[in-house]
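# Remarks on the overall topology
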Amino acid sequence: MKNKQLVREWIKRAQSNLVRAKEGKTSELIVYEDLVFDCQQAPEKALKSLLLSIDIKFPSTHSIARLIELLLLNKVDVPIKVQDSVFLTEYAVITRYPGIYEQVTEIDYQEALVASNNVLNWVTENIGNVMTQKKEGSQDL
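We now turn to the structure provided with this report. Nothing here was measured: the structure is a model prediction, and the numbers come from that model. (Residues numbered from 1 in each chain as written. Predicted model: local features only at pLDDT ≥ 70, side-chain atom pairs only at ≥ 80, totals over all residues. Heavy atoms only, no water.)

## Regarding the packing of aromatic side chains
So the rule is basically this: Side-chain rings of Phe, Tyr and Trp, where Trp is taken by its six-membered ring, are said to pair if the distance between their centres is within 6.5 Å; with planes under 30 degrees apart they count as stacked, over 60 as edge-to-face, and otherwise as tilted. Numbering goes from the N terminus for both helices and strands, where a helix is a DSSP run of H or I of at least four residues and a strand is a run of E of at least two. Three labels apply to residues, based on accessible area from a 1.4 Å probe with only protein chains included: buried if under 20% of the type maximum, exposed if over 50%, partly exposed otherwise in between. Working rule: Lys NZ or Arg CZ, within 6 Å of ring centre, within 35 degrees of ring normal, means a charge sits over the ring.
Counted according to the given criterion, the structure contains 3 aromatic pairs. Pairing Trp 10 with Phe 58 gives two aromatic rings, centres 5.8 Å apart and planes at 90 degrees, and the pair type is edge-to-face. One end of the pair, Trp 10, is in helix α1 (residues 4-23); the other, Phe 58, is in the loop between α2 (32-53) and α3 (64-73), and 48 residues separate them in sequence. Residue classification places Trp 10 among the partly exposed positions, given a relative accessible area of 22%. Taking relative accessible area as the criterion, Phe 58 reaches 24% and is therefore assigned partly exposed. Taking the ring centre of Tyr 32 as reference, the NZ or CZ of Lys 25 above it sits at 5.4 Å.

Written out as structure tokens, the structure reads:
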């Protein structure tokens, strides 16, 4: 892997977003829309770190579906619980601007938190394995 330090930085930023999201609504001033934004950012950055670790270029995108598609196209076996996180993409932009979205509920936030955690855990647990298997040219990722 050419970009080991950059991969670490992407993972660190993903972890930072997830930690902030997990802090939750510790004040009435914190809104669920901001928490789910962090829930979206964590898997986006984690998936980008994985792509970077196996030397796959990725576009400047918030689309988790697109990032997963790039992994699948490159023979990385992405579990369903990770693929199910694509709904988080809707929290990347629209919920950041008041008045143009449906209010995010605590249930939405809890679901986003679970999905985000699933992706980050999978990436951090498997990044070395995926790099090794990709390097060996395995079709069984």
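There's more to say after this.
## Overview of α1
Where we set the bar: Expected helix span is given by 1.5 Å per residue-to-residue step, counting one fewer step than there are residues. Each direction from the helix axis to a C-beta atom contributes to the arc, which is the arc of those directions.
Between the first and last C-alpha of α1 there are 29 Å, a value that for 20 residues agrees with the 28 Å anticipated at 1.5 Å per step. Three or more residues of α1 are buried, namely Val 7, Ile 11, Ala 14, Asn 17, Leu 18 and Ala 21. The buried residues of α1 all sit within an arc of 120 degrees when viewed along its axis, so they share a single face. Set apart from the buried face of α1 by more than 90 degrees, the exposed residues are Lys 12, Arg 13 and Glu 23. Looking one or two residues beyond α1, the residue adopting positive phi is Gly 24, at roughly 75 degrees.

## Points about the nonpolar core
The condition is simple: In plain words, nonpolar cores are sets of buried Ala, Val, Leu, Ile, Met, Phe, Trp, Tyr and Cys residues tied together by side-chain atoms within 4.5 Å. Should any heavy atoms of two residues lie within 4.5 Å, those residues are counted as being in contact.
Formed by 37 residues in total, the largest nonpolar core has its most connected members in Leu 47, Leu 71, Trp 122 and Val 123. Per-element accounting of this core gives the leading share, 10 residues, to α2. When residues no more than four places from it in sequence are discounted, the contact partners of Leu 71 are Leu 47, Leu 50, Leu 51, Ile 54, Val 76, Val 78 and Trp 122.

Purely spatial values, then, with no claim about function.
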